[in-house]
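Results of the structural survey
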2 protein chains.
Amino acid sequence: MEQKPLEGIKVLDLTRVLAGPFCTMLLGDLGGEIIKVERPGTGDDARHFGPFLQGKSIYFISLNRGKKSITLDFKDEQDRKRLKKLVACCDVLVENFKPGTLDRMGLGYEQFAEINPGLIYTSLSGYGHWGPESQKAAYDMIVQGRSGIMSITGEPEGSPVRVGVSIGDISAALFATIGINAALLSRERTGQGQRVDVAMFDSMVAILENAIARYFVEGQPPGPLGTRHPSITPFEAFQTRDEWIIIAIGNDSLWARFCRALGQEELIDDPRFATNSRRTDNYEQLQPLLQDIIGTYRAGDLSELLEKNGIPSGPINSVDRLFSDLQLKARNMLVNISDPDLGQVQAAGNPIKISSLSDLDYREPAPELGEHTREIMEKYGLD
Amino acid sequence: MEQKPLEGIKVLDLTRVLAGPFCTMLLGDLGGEIIKVERPGTGDDARHFGPFLQGKSIYFISLNRGKKSITLDFKDEQDRKRLKKLVACCDVLVENFKPGTLDRMGLGYEQFAEINPGLIYTSLSGYGHWGPESQKAAYDMIVQGRSGIMSITGEPEGSPVRVGVSIGDISAALFATIGINAALLSRERTGQGQRVDVAMFDSMVAILENAIARYFVEGQPPGPLGTRHPSITPFEAFQTRDEWIIIAIGNDSLWARFCRALGQEELIDDPRFATNSRRTDNYEQLQPLLQDIIGTYRAGDLSELLEKNGIPSGPINSVDRLFSDLQLKARNMLVNISDPDLGQVQAAGNPIKISSLSDLDYREPAPELGEHTREIMEKYGLD
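Treat the numbers as computed from the prediction; the structure is a model and nothing was measured.

How each quantity is defined
Residues numbered from 1 in each chain as written. Chains lettered and ligands numbered in written order. Predicted model: local features only at pLDDT ≥ 70, side-chain atom pairs only at ≥ 80, totals over all residues. Helix = DSSP H or I, 4+ residues; strand = E, 2+ residues; numbered from the N terminus. Buried ≥ 20, exposed ≤ 12 C-beta atoms within 10 Å, placed from the backbone. Contact = placed C-beta atoms within 7 Å. Domains from an automatic or database assignment. Least-squares fit on C-alpha atoms with pLDDT ≥ 70 in both. Nonpolar A, V, L, I, M, F, W, Y, C, P; charged D, E, K, R; others polar. Pairing = 2+ DSSP bridges. Axes fitted to C-alpha atoms, helices over the stretch in contact; angles between N-to-C directions. Parallel < 35°, antiparallel > 145°, perpendicular 65-115°, else oblique. Left-handed = near helix turned anticlockwise from the far one by under 90°. Expected span 1.5 Å × (residues − 1). Arc of directions from axis to C-beta. Right-handed = clockwise from strand over helix to strand, strands pointing away.

For the rest of this paragraph, the subject is the overall build of chain A. A count of helical and extended segments in chain A gives 16 helices and 14 strands. Dimensions of chain A, computed from C-alpha atoms along their principal axes, come out at roughly 80 × 50 × 40 Å. The buried share of chain A, reckoned over its 383 residues, is 51%. Across chain A, the fraction of contacts at a sequence separation of at least 24, relative to all contacts at a separation of at least 6, is 69%.

Quick look at the structure:
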């Protein structure tokens, strides 16, 4: 087996809950050693977030596979010394405290960069470490609302909805992981560490995609469109007799094939629908017409028919269906984490498939609180 | 100014539309030289995607700032030779063709790794380069449906909705960018390149967060919850007299403060609502009660009141409001790209704030099709 990309990289992980732990999980998957520093007694808040199995948080387990846990009390002088010793030995530090918190305890970037000039000091926060509102607490959902993503997600006349996953936390984790790897690469040449500062709010704005372009051009903020694509038609979910089906007609030749497959040849050259831009302009006429036709099929039959004709379509799966998906299985995207108490716990795998990373099934379990305190103390000479 | 992390790294960019161009945009922001290879005549499909200004795609401009464009026809023998010469000179190749397409043209990983063993060959696709359905075309929305994310986004009794941004493309771009940086780091030690293979479908599953844990524990697939959090209450959007407001009561002490702020002290110790788990269990009683109270306020007044009491809340912004957001301004998250024809085009900035990356306002514009063909031919000795 080849060496993993981050083999030998030591990550001091001062994070809790989601954004930080997701970032350090990825660093661990890539081969880094993750030293998770937790508060004595309670540990990472996510240890107390459901769902639970035999009193253990599956949420926590799914985010902390393969990490080592040491407990340190930042208010204890002895423990602060231990922390500084770890800082001196580590390559990367990741924290997601409210901005200013660690600085006030003398554990901020300035202090640690003095101890270890090669350190990549990474902060994840709601609004970032500078700017008029940097000190404000933020939850993912508040950032989803403020960033505009909720304003373009949902039904056109419906109530607001959040993106069903904490995309603010997760996108920030991904951008931070990019920053850390880039900074590690940079350090190979310069020997210098640096500061990486990623905000959930910034990250959400960065992924708004064409919404900003649309506002810039049209001067009108875009709104929610259900499942509909803003400029491609038909490109949305339709209701069959039993289930919803997504149909994605990306260009005019697909349109012709689609009409033929449904036995609706007369629609192909109907002047209202002959080109994508005509179909988009005449959406209000086309949508009910297609819905009526599609509503006569069963989803399975229609899906087969479209497949046979090379027309992109797909189901709206609930999560249970992923567990029998053969493509996901082939890609090893649902892995088993061996928990000493619970046995096998299923969780999402790592989507970064890279030659030097083998199967992730063999990751160590998520740690018990403080499980590796002694091991880390010995290894790094903390007493 | 310090050296950017990817200064000197040459990226051969064979990508189109969104996932690939988003990935190479990030590599460019980090300092890499992006050589965008486009089909003669039409170029990147996104050049023809709206919204347009004076015939130029703002969508394309917002994804391709600072790249250099060369046109090459992969079916022309001379151009294939030129491409191979570029492969020999580059550090990273990124492509998002349908799996198998480049291999069939003799331009796949095996062939290029022979020309350049240090090459990081990166593929972005719908379902990845192996597995029973790897050859299937995929659009973001089809992957959103299949991955389960649509099944947990939307109103509880409503129609399905897609996440309003192409989160399948974008999350794949982010995971690929992590993989590329990690592979570059690895190459510093081993001299070896490697293959990075990232699928949209895998990426969506990887960010499903607690939905997989919930299904694993409960045996029931989770459904959509509007703006509501599955296990924290109250944690959702409420309608005031004028606008929606998001209120996020993350723990019991915030609950007490929230009740006091609203003058509803009697709710604090109401046995139905005294703890978060009681509030979640009795959601059906609590929600209308709070909605009635909140519905009497104007959003601005309530927001001020909650702010004063340290209770996390926020608006549901439409995209136009981002342009006057002072925190975003301080973070330089809306940048101006100077287009030679259009002047300043506003686009989202880069959320990876890192010591050695300065302001992004100074990025070069997105290229005209083939604008740098001559420059690249000369620089890399292609004739």
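With that settled, consider the domain arrangement of chain A. Under the domain assignment used here, chain A contains domain 1 (10-207 + 328-379) and domain 2 (235-239 + 244-315). Just the C-alpha atoms count here: the centres of domain 1 of chain A and domain 2 of chain A sit 44 Å apart.

The next point concerns the relation of the copies chain A and chain B. Note on the copies: chain A fits chain B at an RMSD of 0.0 Å, the axial shift is 0.0 Å, and the rotation between them is 180 degrees. Those values place the two copies in the arrangement expected of a two-fold rotation axis. Of the residues that chain A buries at the interface, 100% are likewise interface residues in chain B, meaning the two copies contact each other through the same surface.

Next up on the list: the interface of chain A and chain B. Taken together, the contacts link 119 residues of chain A with 119 residues of chain B. For the side of chain A that touches chain B, the element with the highest residue contribution is helix α7 (residues 167-190) of chain A, accounting for 15 residues. Class assignment of the residues belonging to the side of chain A that touches chain B gives a composition of 69 nonpolar, 36 polar and 14 charged. Sheet topology places strand β14 (residues 353-354) of chain A next to strand β8 (residues 195-199) of chain B; two bridges connect them, and they run antiparallel. Across the sheet, residue A:Lys353 finds its bridge partner in β8(B), namely B:Asp197.

Glancing now at the sheet that holds strand β14 (residues 353-354) of chain B. Strands sit in the order β5(A)-β2(A)-β1(A)-β6(A)-β7(A)-β8(A)-β14(B) across an open sheet of seven strands; the sheet is mixed. For this open sheet the edge positions go to β5 (68-71) of chain A together with β14 of chain B, each flanked by a neighbour on one side alone. Strand contacts of helix α3 (residues 77-89) of chain A: β1 (10-14), β2 (33-38) and β6 (92-95) of chain A, with the helix running at about 145 degrees to β1(A), the strand carrying the most contacts.

What follows concerns the sheet that holds strand β10 (residues 244-248) of chain A. All names here are of chain A. Strands sit in the order β9-β10-β11 across an open sheet of three strands; the sheet is antiparallel. What marks the edges here is a single partner per strand, and that holds for β9 (235-239) and β11 (313-315). On average, adjacent strands in this sheet sit at an angle of 25 degrees to one another, irrespective of strand direction. As paired elements, β10 and β11 share three bridges and run antiparallel to each other.

A word on the environment of A:Tyr215. Mapped onto the fold, A:Tyr215 is located in helix α9 (residues 210-218). Look at A:Tyr215 and you get buried, because 22 C-beta atoms sit within 10 Å. Those residues in contact with A:Tyr215 that sit more than four places away from it in its chain are A:Pro221, A:Pro222, B:Val319 and B:Asp320.

Residue and element names in this part refer to chain A. It is the contact of helix α1 (residues 19-29) with α7, at a shortest axis distance of 8 Å, that shows an interaxial angle of 45 degrees. By the criterion of interaxial angle, the relationship of α1 to α7 is oblique. In the crossing of α1 with α7, the sense of the turn from one axis to the other is right-handed. Along the contact surface, α1 presents Ala19, Phe22, Cys23, Leu26 and Leu27, while α7 presents Asp169, Ile170, Ala172, Ala173, Ala176, Thr177 and Ile180. Its residues assigned to classes, the contact of α1 with α7 comprises 10 nonpolar, one polar and one charged.

All names here are of chain B. Where helix α6 (residues 140-147) contacts helix α7 (residues 167-190), the two axes come as close as 7 Å, and the packing angle between them is 90 degrees. With respect to α7, the axis of α6 lies roughly perpendicular. Counting all contacts with α6, which are made through Asp140, Val143 and Gln144, the residues of α7 involved are Ile167, Gly168 and Asp169. For the contact of α6 with α7, a count of residues per class yields two nonpolar, two polar and two charged.

A cis geometry characterises the amide bond from A:Gly50 onward to A:Pro51, with omega recorded as 0 degrees. By the secondary structure assignment, A:Pro51 is in the loop between β2 and β3 (52-53). With an omega of -10 degrees, the peptide bond running from B:Thr233 to B:Pro234 counts as cis. Here B:Pro234 lies in the loop between α9 (210-218) and β9 (235-239). The phi dihedral of B:Asn332 is positive, around 55 degrees, even though this residue is not glycine. As for its position among the elements, B:Asn332 is in the loop between α15 (326-330) and β12 (334-339). Overall, the presence of 17 C-beta atoms within 10 Å leaves B:Asn332 in the partly exposed class.

Next up on the list: the pairing of strand β12 (residues 334-339) of chain A. Residues and elements named next belong to chain A. Here six bridges tie β12 to strand β13 (residues 343-348), and the two strands are oriented antiparallel to one another. By the bridge assignment, Val335 is partnered in β13 with Ala347. What sits between β12 and β13 in their antiparallel hairpin is a turn of three residues.

Once that is clear, we can look at helix α3 (residues 77-89) of chain B. Residues and elements named next belong to chain B. Between the first and last C-alpha of α3 there are 19 Å, a value that for 13 residues agrees with the 18 Å anticipated at 1.5 Å per step. The set of residues buried in α3 consists of Arg82, Leu83 and Leu86. Down the axis, α3 shows its buried residues gathered within 100 degrees of arc, on one side only.

This brings us to the pairing of strand β2 (residues 33-38) of chain B. Within a regular beta strand, the side chains point alternately toward one face of the sheet and then the other, so they alternate between its two faces. Residue and element names in this part refer to chain B. Across the six residues that make up β2, a large majority, six, are buried. Covered by surrounding structure in β2 are Glu33, Ile35 and Val37 together with Ile34, Lys36 and Glu38, the residues of both alternating faces. Looking at chain direction, strand β1 (residues 10-14) and β2 are connected through four bridges and run parallel. If you follow Lys10 over to β2, its bridge partner there is Glu33. The handedness of the β1 to β2 crossover, carried by helix α1 (residues 19-29), is right-handed. Relative to strand β5 (residues 68-71), β2 is paired through four bridges, and the arrangement is parallel. Bridging from a neighbouring strand, Lys36 pairs with Ser69 of β5.

For the rest of this paragraph, the subject is the environment of A:Pro21. Residues and elements named next belong to chain A. You can see Pro21 is positioned in helix α1. Since 28 C-beta atoms lie within 10 Å of it, Pro21 is described here as buried. Spatially, the C-alpha atoms of Pro21 and Leu107 are 19 Å apart, while their sequence positions differ by 86 residues. The contacts of Pro21, once residues within four sequence positions are left out, are Thr15, Ala46, Leu63 and Asn64.

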